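Observations on chain architecture
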Amino acid sequence: MKSKKLVNIFAIIVVIAVVAFAGFFVKSNATVDCAGCGGEGQRFQVICHECEGAGDECTSCEGAGGVGDMIACADCEGAGQVPADNNYYSTFVSLLPPVIAIALALITKEVYSSLFIGVAVGGLFAANFKPITAIDHIMNDGVIAAAADTAGIFVFLVVLGVLVALVNKAGGSAAFGKWAAKHIKSKVGAAFATFVLGVLIFIDDYFNCLTVGSVMRPVTDKHKISRAKLSYLIDATAAPVCMIAPISSWAAAVSEYAGQGNDGLALFVQAIPYNFYSLLTFVFIIAITLMKFDYGPMRVHELNAERGDLFTTGQGEGQEEEVPNSKGKVIDLLLPIIVLIAICVFALVYVGGIFDGLGFIDAFGNTDATVGLPWGAVIALIITVVYLIARRTITFKEAMECIPKGFIAMVPAILILTLAASLKNVNGLLGSDAFVENMLGSAGALHNFLPAIIFLVAVGISFATGTSWGTFGILIPIVLAIFPVGSELGIIGMSACLAGSVCGDHCSPISDTTIMSSAGAQCNHLNHVSTQLPYAITVAAVSFAAYIVAGFVQNWIIVLPLFAVVMVAVLFVIKAVTKKAAN
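Keep in mind it's a predicted model, so treat the numbers as computed, not measured. (Residues numbered from 1 in each chain as written. Predicted model: local features only at pLDDT ≥ 70, side-chain atom pairs only at ≥ 80, totals over all residues. Heavy atoms only, no water.)

**Regarding the overall build of the chain**
In terms of helices and strands, the chain carries 25 helices and four strands. The buried share among the 583 residues of the chain stands at 53%. For the chain, the share of sequence-separated contacts (at least 6 apart) that also reach a separation of at least 24 residues comes to 79%. Accessible area of the chain: about 24900 Å², with a carbon and sulfur share of 66%. (Helix = DSSP H or I, 4+ residues; strand = E, 2+ residues; numbered from the N terminus. Buried < 20%, exposed > 50% of the residue type's maximum accessible area, 1.4 Å probe, protein only. Contact = heavy atoms within 4.5 Å. Areas by Shrake-Rupley, 256 points an atom, 1.4 Å probe, with all protein chains shown as cover.)

**Focus on helix α22 (residues 488-507)**
Here α22 contains 20 residues, and its C-alpha end-to-end distance of 28 Å stays within 8% of the 28 Å for a straight helix at 1.5 Å per residue. In terms of residue burial, α22 counts as a mostly covered element, since 19 of its 20 residues are buried. (Expected span 1.5 Å × (residues − 1).)

**Let's talk about the packing of helix α7 (residues 187-200) against helix α13 (residues 276-291)**
One way to put it is that α7 packs onto α13 with a least axis distance of 10 Å and a crossing angle of 165°. In this view, α7 runs roughly antiparallel relative to α13, as classed from their interaxial angle. Where α7 crosses over α13, the two elements pack in a sense that is left-handed. Residue-level inspection shows Val188, Ala191, Phe192 and Phe195 of α7 in contact with α13, the latter providing Phe282, Ile285, Ile286, Thr289 and Leu290. Among the residues making up the contact of α7 with α13, the classes are represented as eight nonpolar, one polar and no charged. (Axes fitted to C-alpha atoms, helices over the stretch in contact; angles between N-to-C directions. Parallel < 35°, antiparallel > 145°, perpendicular 65-115°, else oblique. Left-handed = near helix turned anticlockwise from the far one by under 90°. Nonpolar A, V, L, I, M, F, W, Y, C, P; charged D, E, K, R; others polar.)

**Section: the pattern of salt bridges**
Inspection of the entire model under this criterion finds five salt bridges. Taking the shortest distance from any N to any O, the salt bridge between Lys187 and Glu302 comes out at 3.0 Å. Linking Lys187 in helix α7 with Glu302 in helix α14 (residues 297-306), this pair joins segments that are 115 residues apart in sequence. Taking the relative accessible area as the measure of exposure, Lys187 reaches 26% and is therefore partly exposed. By relative accessible area, which is 5% here, Glu302 ends up buried. Two residues, Lys187 and Glu306, come together in a salt bridge whose shortest N-O distance is 2.8 Å. With Lys187 in helix α7 and Glu306 in helix α14, this pair connects stretches of sequence that are 119 residues apart. Under the relative-accessibility criterion, Glu306 is labelled partly exposed at 41%. Ionic contacts of the salt-bridge type, sharing partners, join the residues Lys187, Glu302 and Glu306 into one network. (Salt bridge = Lys/Arg side-chain N within 4 Å of Asp/Glu carboxyl O.)

**Focus on the side chain of Thr393**
The residue Thr393 is located in the loop between α17 (369-390) and α18 (396-428) in this model. You can call Thr393 buried: its relative accessible area is 3%. Beyond its immediate sequence surroundings of up to four residues, Thr393 is in contact with Lys169, Ala170, Asn325, Lys327, Asp332, Leu388 and Glu398.

**Some words on a nonpolar patch on the surface**
On the surface, Phe346, Tyr350, Phe355, Trp375, Ile379 and Ile383 cluster together into a nonpolar patch covering about 550 Å² of accessible area. Every element with two or more residues in the nonpolar patch is listed here: α15 (331-352) and α17. Take the nonpolar patch: its biggest share by element is three residues, from α17. (Patch = residues over 30% accessible without salt bridge, like charges linked within 9 Å, V, L, I, M, F, W, Y side chains within 5 Å.)

**Remarks on the confidence of the model for the chain**
Looking at the chain, the pLDDT average stands at 80 and 79% of residues meet or exceed 70. When the elements of the chain are averaged for pLDDT, strand β4 (residues 81-83) gives the smallest value, 54, and α13 the largest, 95. (pLDDT = per-residue confidence, 0-100.)

**Quick word on unusual backbone geometry**
In this structure, Lys292 takes a positive phi of about 55° despite not being glycine. Relative to the assigned elements, Lys292 resides in the loop between α13 and α14. The residue Gln522 is not glycine, and still its phi comes out positive at about 50°. On the secondary structure map, Gln522 appears in the loop between α23 (512-521) and α24 (525-553).

**Thoughts on the environment of Val300**
Tracing the chain through its elements places Val300 in helix α14. Under the relative-accessibility criterion, Val300 is labelled partly exposed at 44%.

**Quick word on the nonpolar core**
Counting 139 residues, the largest nonpolar core has Leu166, Phe276, Tyr277, Phe284 and Phe455 as its most contacted members. Considering every element that reaches this core, the biggest residue donor is helix α5 (residues 151-170), with 13 residues. Residues contacting Phe276, with those up to four places away along its chain left out, are Thr281, Ser543, Ala546, Tyr547, Ala550, Val559 and Leu560. In terms of nonpolar packing, the next biggest core, distinct from the first, is built from 13 residues, Ala22, Val93, Leu96 and Leu430 among them. (Core = buried A, V, L, I, M, F, W, Y, C linked by side-chain atoms within 4.5 Å.)

**Quick notes on the environment of Val241**
Note that Val241 resides in helix α10 (residues 239-242). Sequence spacing of Val241 and Ile201 is 40 residues, and the spatial spacing of their C-alpha atoms is 8.4 Å. Residues in contact with Val241, not counting those within four places in the same chain, are Gly198, Val199, Ile201, Phe202, Asn208 and Phe282.

**Considering the packing of α23 against α24**
Between two packed helices, both the angle of their axes relative to each other and the distance between the axes serve to describe the pair. As a packed pair, α23 and α24 sit with axes 9 Å apart at the nearest point and diverge in direction by 115°. Considering how the two elements wind past one another, α23 and α24 form a crossing that is right-handed. Only His525, His528, Val529 and Gln532 of α24 make contact with α23, whose side of the interface consists of Thr514, Ile515, Ser517 and Ser518. When the residues that make up the contact of α23 with α24 are grouped by side-chain class, the tally is two nonpolar, six polar and no charged.

What follows is the structure in C-alpha cells.
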C-alpha cells in the first residue's frame, strides 16, 4: 500500500514537471485562417450589417456578405493567415493532455480523476495558463459541450440498462441461461457463441457492446469465463466487425469523411481485405479459443474465474442482479432484442432521410446515431414493457422500478464517456489535427512504407484521443491527398488509416467502445483495459508487419493469408514461452 502511494505521488510530480516544462519552453509558430476574411486575404469594403459578413442567404447582400470593392484584409494585411492565439497550437503539446490522462489511469488505477486531470491540463494549455479562461475552456468547451454532444448516447445507454433490468426481472436471461446450459456444453463453446453473436451484430458498435454483454453474460458466467475475458470478446468484435461491414454506422461515417459520395463507400469496400487489424483480430480470437490458453494479466483473471472469482480485483460495474421470475422464457429475452435491432435499424435510416427519397445506403451515410439509436431504443422499451406486462412476467410497478436500476447500472459508463468526450473537446482547441497533418506531410519520401507509418500514426492518435471516428476524420483527407486516386497503394493507405483507428480505440482506456464493453460485461473498466492491452498489442504488431509487406507486394490475396498464418504462429510461440515460464 505504501509503495502504491509513492508511485502515485511520483506520477503526479512527473505530470507537474512535464506541464511546467511545456508551459515555459514550448512556443507555437503555427498560423490559422484570419477570422476577418476567412483566410481569403481580402474582404468587402463594406460589411453587411444584417448578416455581419456571414452571407448565409442574406437578402440584403444577396448572400455575398458585403458590398463594394474587395480590399486587402486589415487584420492579416492580405496574407489570409494570422499567428495562432494559443502558444501551444499544433505542437507536440496538443497530444499531451490525453497522454497524461491515459498514463495516470494506468498507473493509479483510478480513471475518473485521471481523465479530469487530463481535461484540466488541456484547459490550462488552451488558455495559455490564464486561470479564468482555463475554467471557461474546461467547463464550457469541455464538460458542458461533451454532455450536450453525447446526450443521445446517454439516453441510449440508460434505455439499454433499463431493458437489461426488465429482461432479468422477467426471467428472460435466466431462461436463456438454462437453454444455453443444455446446448452450450463447454467454455470453448461459450466463447465462440459470444464471438459469433458479436460478429452478427455489425450494425453499430455501441449497440453491439451492450447487447452482446447482456445476452451472453449468464452463459459465460456459468462456464467460468472471467468478466475481463468477456469484455475482451465484446470489444474485439464491436469496432472491428463494424469496420469491415459495408452496412454499418462506421461505413457510413467513412463514406462521409472520404467526401466522394457513393465512391466513398466503394473505397471503404475496396479497403476491407487490407484491414489487417480487424481481420487478424478475428483470427486471434478463434486461435486462442481453440488453443485454450491465455497470457498476460488475462491469464490471472481466467485462472481466478476457474476458482469461482469472475472479477479478480475490483467489482463489476452495475452488477446488482434482479431476482428473476420463474415463469420467464427464452422468448422474453429474444423478442426485446429482435424488436430493438429492427426498430434501431429503421430509426437510423429514418433519421438519415430514407423517406426523403434517399436509398438505404445513402440514408445510412446521412444518419446520426446519437439521434437514431435513442429514438429506436425508447420505442423498443415501450413495446417491451407492454409485452412483458401482457405476459404477466412483471407488473407495471416492477417495470417502473427497473428504470432507476437501469440508470444506476450505466452511471460509470456515462461518467467516463462524459470525461473522455470533454478531453477530446479541450484537446481539439490545441490543434492536434494540424500537428498530425504536418507530421505526415514530412513522411512523403518513404512512399512504400507510408501504409505502415499511417497505421502507427492512426494508432497513436486514436489511443491518445479515445476516438476512432475522430482519428479517421483527421487522417482520411490527408491520405486521399498523399496517394494517387484509385491506386492500390492508396487503398492500402486508406485501410491502414481505418485499421490503426480501430486498434488505438481498442487499446485506449478513454475510448467510448472500450468503456461500453466494460459496461456490457459489467466488468471493472481498468481490469478490462489492462487485460486487453497485451492481446491488442500482439495483433497490432503483426498488422504493422503486414502493412510493411503490403506496401511492396500490394496484393491482399498474398498478404492476408500469409499473416493469418503468422498470427497463429506467434500465438504458438507465446504459448510455448508462457508454459515454460509457468514451469
